[in-house]
Each structure stands twice: as structure tokens, then as C-alpha cells.
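Descriptive analysis of the structure
Residue strings, one per chain:
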Amino acid sequence: MLKGKNALITGSTSGIGLGIAEGFAKEGVNLVLNGFGDAAEIEKLRADLAAKYGIKVLYDGADMSKPEQIEAMMHKAQKDLGGIDILVNNAGIQYVAPVEEFPTAKWDAILAINLTSAFHTTRCAMEYMKAQGWGRIINIASAHALVASPFKSAYVAAKHGIMGFTKTIALEVAEKGITVNAICPGYVLTPLVEKQIPDTAKARGMTEEQVKRDVLLAAQPTKQFVTVEQVAGTAVFLCSDSAASITGTNISVEGGWTAH
Ligand code: NAD
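Note that residues are indexed from 1 along each chain, following the sequence as it is written. pLDDT decides what is reported in this predicted model: residues at 70 or higher carry local features, side-chain atom pairs at 80 or more are listed and counted, and totals for whole chains, interfaces and linings draw on all residues regardless. Hydrogens are left out, water is left out, and the side-chain values use all remaining heavy atoms of the structure.

A short note on the site of the ligand
- Near residues are defined by distance, with any heavy atom within 4 Å of the molecule or strand qualifying the residue. Around the ligand, a shell composed of 30 residues is seen, among which S14, N90, Y155, V188 and T190 lie nearest.
- Whenever two N or O atoms come within 3.5 Å, that pair is a polar contact, provided that in protein one can donate a hydrogen and the other can accept it, and provided that, for residues adjacent in sequence, both atoms are side-chain atoms. For the ligand, an oxygen atom lies 2.7 Å from a polar atom in the side chain of S14.
- For the ligand, an oxygen atom lies 2.6 Å from a polar atom in the backbone of V188.
- In DSSP terms, a helix is any run of H or I states spanning at least four residues, a strand is any run of E spanning at least two, and both are numbered starting from the N terminus. With three residues, the top contributor of residues to the shell around the ligand is helix 6 (residues 191-204).

Points about the nonpolar core
- Nonpolar cores are built from buried Ala, Val, Leu, Ile, Met, Phe, Trp, Tyr and Cys residues. Side-chain atoms within 4.5 Å join them into one set. To sort residues, take the accessible area from a 1.4 Å probe on protein chains only and compare it with the maximum for the residue type: under 20% means buried, over 50% means exposed, and anything in between is partly exposed. The biggest cluster of nonpolar side chains holds 32 residues, and the ones touching the most others in it are I20, F24, L31 and I86.
- Among the elements of the structure, strand 1 (6-9), helix 1 (15-26), strand 2 (30-34), helix 2 (39-53), strand 4 (86-89), strand 5 (135-140) and helix 8 (228-238) are those that each provide at least two residues to this core.
- Here this core takes six residues from helix 8, the largest share from any one element.
- Not counting residues within four places of it along the chain, the set of residues in contact with L31 comprises A7, I9, A21, F24, A25, L49, I55, K56, V57, L58 and L81.
- Judged by nonpolar contacts, the second largest core, of 31 residues, contains M74, I113, A125 and A170. Should any heavy atoms of two residues lie within 4.5 Å, those residues are considered in contact.

Observations regarding the pattern of salt bridges
- What counts as a salt bridge is simple: a side-chain nitrogen of Lys or Arg found within 4 Å of a carboxyl oxygen of Asp or Glu. For the structure shown, the criterion picks out seven salt bridges.
- One salt bridge connects R213 with D214, and the closest N-O pair in it is separated by 3.1 Å.
- Assessed through its relative accessible area of 37%, D214 is described here as partly exposed.

Description of the pairing of strand 1
- A two-sided burial pattern is seen for strand 1, the buried positions comprising N6 and L8 on one face and A7 and I9 on the other.
- Strand pairing is assigned whenever DSSP identifies at least 2 bridges connecting the two strands. Alignment of strand 1 against strand 2, held across four bridges, turns out to be parallel. From the neighbouring strand, L8 faces strand 2, where its bridge partner is V32.
- Considered for its hand, the β-α-β crossover made up of strand 1, helix 1 and strand 2 is right-handed.
- Sheet topology note: the strand 1/strand 4 ladder contains three bridges and is parallel. Along strand 4, the bridge assignment pairs I9 with V88. Place the viewer so that the strands point away; then a crossover is right-handed whenever the path from the first strand over the helix to the second strand goes clockwise.

Notes on the layout of surface pockets
- The way it works is a 1 Å grid over only the protein atoms, where trapped points that fit a 1.4 Å probe form a cavity and open points with protein on both sides within 12 Å along at least five of seven lines form a pocket, and then any residue with an atom within 4 Å of a point lines it. Grid points are joined across faces, edges and corners, and a volume is the space filled by probe spheres set on the points. Of the volumes computed, that of the largest pocket is approximately 930 Å³.
- Residue lining of the largest pocket: 41 residues in total, with A91, G92, I93, Q94 and L192 positioned closest to the centre.
- At the level of elements, helix 1, helix 4 (104-132), helix 5 (153-172) and helix 6 are the ones that each hand at least two residues to the lining of the largest pocket.
- Among the elements that take part in the lining of the largest pocket, helix 6 stands out by supplying six residues, more than any other.

As for the packing of helix 3 (residues 67-81) against helix 4
- Simply put, an axis is a line fit to the C-alpha atoms, just over the touching stretch for a helix, and the angle between two N-to-C directions goes from 0 to 180 degrees. One way to put it is that helix 3 packs onto helix 4 with a least axis distance of 9 Å and a crossing angle of 30 degrees. The orientation of helix 3 with respect to helix 4, classified from their angle, is roughly parallel. The chirality of how helix 3 crosses helix 4 is right-handed. Between helix 3 and helix 4, the residues in contact are P67, I70, E71, M73, M74, H75 and Q78 and S117, H120, T121, R123, C124, A125 and Y128, respectively. Working definition: roughly parallel below 35 degrees, roughly antiparallel above 145 degrees, roughly perpendicular at 65 to 115 degrees, and oblique for all remaining angles. Crossing chirality is assigned from the near helix's rotation relative to the far helix, an anticlockwise turn below a right angle marking it left-handed and a clockwise turn marking it right-handed.

Comments concerning helix 5
- How far a helix is expected to stretch is found by multiplying one less than its residue total by 1.5 Å. Between its first and last C-alpha atoms helix 5 spans 29 Å; for 20 residues at 1.5 Å apiece the expected length is 28 Å, and the two agree.
- Looking at the packing, one finds that the buried side of helix 5 touches helix 4, strand 5, strand 6 (178-185) and strand 7 (250-253).

A word on the packing of aromatic side chains
- Note on aromatic contacts: the rings of Phe and Tyr and the six-membered ring of Trp form a pair at centre separations within 6.5 Å, being stacked when their planes are under 30 degrees apart, edge-to-face when over 60 apart, and tilted otherwise. Enumeration according to the criterion identifies two aromatic pairs in this entry.
- Their ring planes at 80 degrees and their centres at 5.4 Å tell us that Y95 and F102 sit as a pair that is edge-to-face.
- Taking the relative accessible area as the measure of exposure, F102 reaches 10% and is therefore buried.
- Ring geometry for Y187 versus W257: centroids 5.3 Å apart, planes at 10 degrees, classification stacked. Remark: W257 occurs in the segment after strand 7 and Y187 occurs in the loop between strand 6 and helix 6; sequence separation between them is 70 residues. Each member of the pair, Y187 as well as W257, is classed as buried.
- Counted as over-ring charges are cases with an Arg CZ or a Lys NZ within 6 Å of the ring centre that also lie within 35 degrees of the ring normal. If you follow K5 out to its NZ or CZ, it ends over the ring of W134, 4.2 Å from the centre.

What follows is the structure, encoded as C-alpha cells:
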């Protein structure tokens, strides 16, 4: 059903974004990958996905903190593929510190990448989606879009923000065949999470093992990390006909975290 559609996934050189890219690739969806990393590794990833699934795979290294680069990426991607049917706003970074020690540059970067970039991609995607009368926008939010944890002020603020943005745009385009939703994952053991373990240990005066067991998985009643495949499957579902009436909402994939 999705075969031949085109998806752009921000932050898809690693972790959840890469998993979502592969999830769509399996459905025959052409891809625009984005994100940072070693140029040769990214080119291998691009070529491997294209060959394995028989799809077109482009890569654009636009920095999601730079509005003019985002705009250029969106225009180029739409020109090269003929349009973007599925937009996944996934790129994100994290920083963990008490608010009085939180570097202002980190606050600005987190808000720019985790929240404002979705405004720029979405505004550039609209004209084509409206003209087609079909579009899917999926914002990778977080359980932290619904509840908070200490020492993550910028991240929690940005993720709560993306939830409000999701609802607003869903209302704006509800009659146009375009759905806009957020997926709220719990902890997935990606580089983003692995990197914050030492900082959380420092902020809380714990060992790294204690952080994994007593902080990260303490929040998840299943006591299991969510997998990238589970998030990817949810993204593919949101693009299916069965999900056509799901819009302006969030799907939690977090092992029961927010049921507390
Ligand atoms: P990750 O660090 O593995 O991947 C992040 C991706 O974003 C990478 O491809 C990276 O290159 C890219 N990126 C970072 N800064 C960028 C920039 N300025 N411009 C372009 N690309 C940039 O992280 P992840 O865990 O896969 O996180 C992906 C998304 O999922 C984020 O929005 C994150 O907040 C969200 N999330 C993650 C978890 C988790 O437990 N891992 C839980 C909930 C939500």
C-alpha cells in the first residue's frame, strides 16, 4: 500500500530514525535520509538500503538547527523525488543537568533541533501534501512529551512543545487527507540514551549500572528497553489506511511508563 511513496526522515543515520527508515524501506517506500556521521559509512548505508529493498535512497546532511539548510533540503528532496508523502520529524539531541547549571547554548540547540526543526520541515511539506490530498506527518516525541524527569528541562520543554505543535497542525489540515501524530517512545537503547548515562550518573550521584536499572528502566513497568523495530512498526501503521482517522494524537510506545 505504501510502495512507491516517498518518506523523509530527519536524524536517520542512527538509532530510531534509522530503524524507521528501514521499516519504510521494507514497504517499498523511497527514502531521504538525514543526519550526521562518517561520510563513507552514510554512503554505504544509503547504497545498502537502496540495493536491498530496490528503492531510491537519497541523503541530505542538512543541520536541523539551521532553518535555511532545512528549507534547502525540503525543496531539493521534493524536486528530486517529485514530492514527500511521509515526513518523520525524528532528529533530536539530549543534555542532562540541573537548571542552574544548564548551558544556554545547549538549551537553544535542543529547542532548535527537537522542536523548531519540525516547524520548518512541516511548513515546507504542506503545499505538496495538500495538493495530493494525502500526507502523513509523524513527530517522534517521547514519554517526556507527557511527563517530566528532573535535569532534562530543555528536552522536556521541547517534547511537550512538539505535542502541542502536533495537535495544532492536525487541526489545520484535518480535511486535507493529511494526518499529524506523535509517537512517544520510552527508553530505547540508542546512542542518544547511552550518552546520557554518565551525565545522569553524575547529576544523581549514582553508578552507571544503577542509572540503567533504577532510573531508566525504573520508569518502564515492563523493565525492558523499547526496540527501534517497535517504534518503526508504529510509524508504518500510522501511514496505513487503518490509521486514516488517527490524527492530532500520540501513541505511547513506552512499556506502560505513563500509566503510573
Ligand atoms: P540517536 O542519537 O541515535 O540519533 C539521533 C539522530 O539525529 C542521528 O542520526 C543524528 O545524526 C541526528 N542529529 C542530531 N543532531 C542533528 C542535527 N543538528 N541535524 C541533523 N541531524 C541531527 O538518537 P535516538 O535515540 O535515535 O533519538 C531519535 C529521536 O527519538 C529523538 O528525537 C529523541 O528525542 C527521540 N526519543 C528517543 C528515545 C530513546 O530512548 N532513545 C526515547 C524517546 C524519544
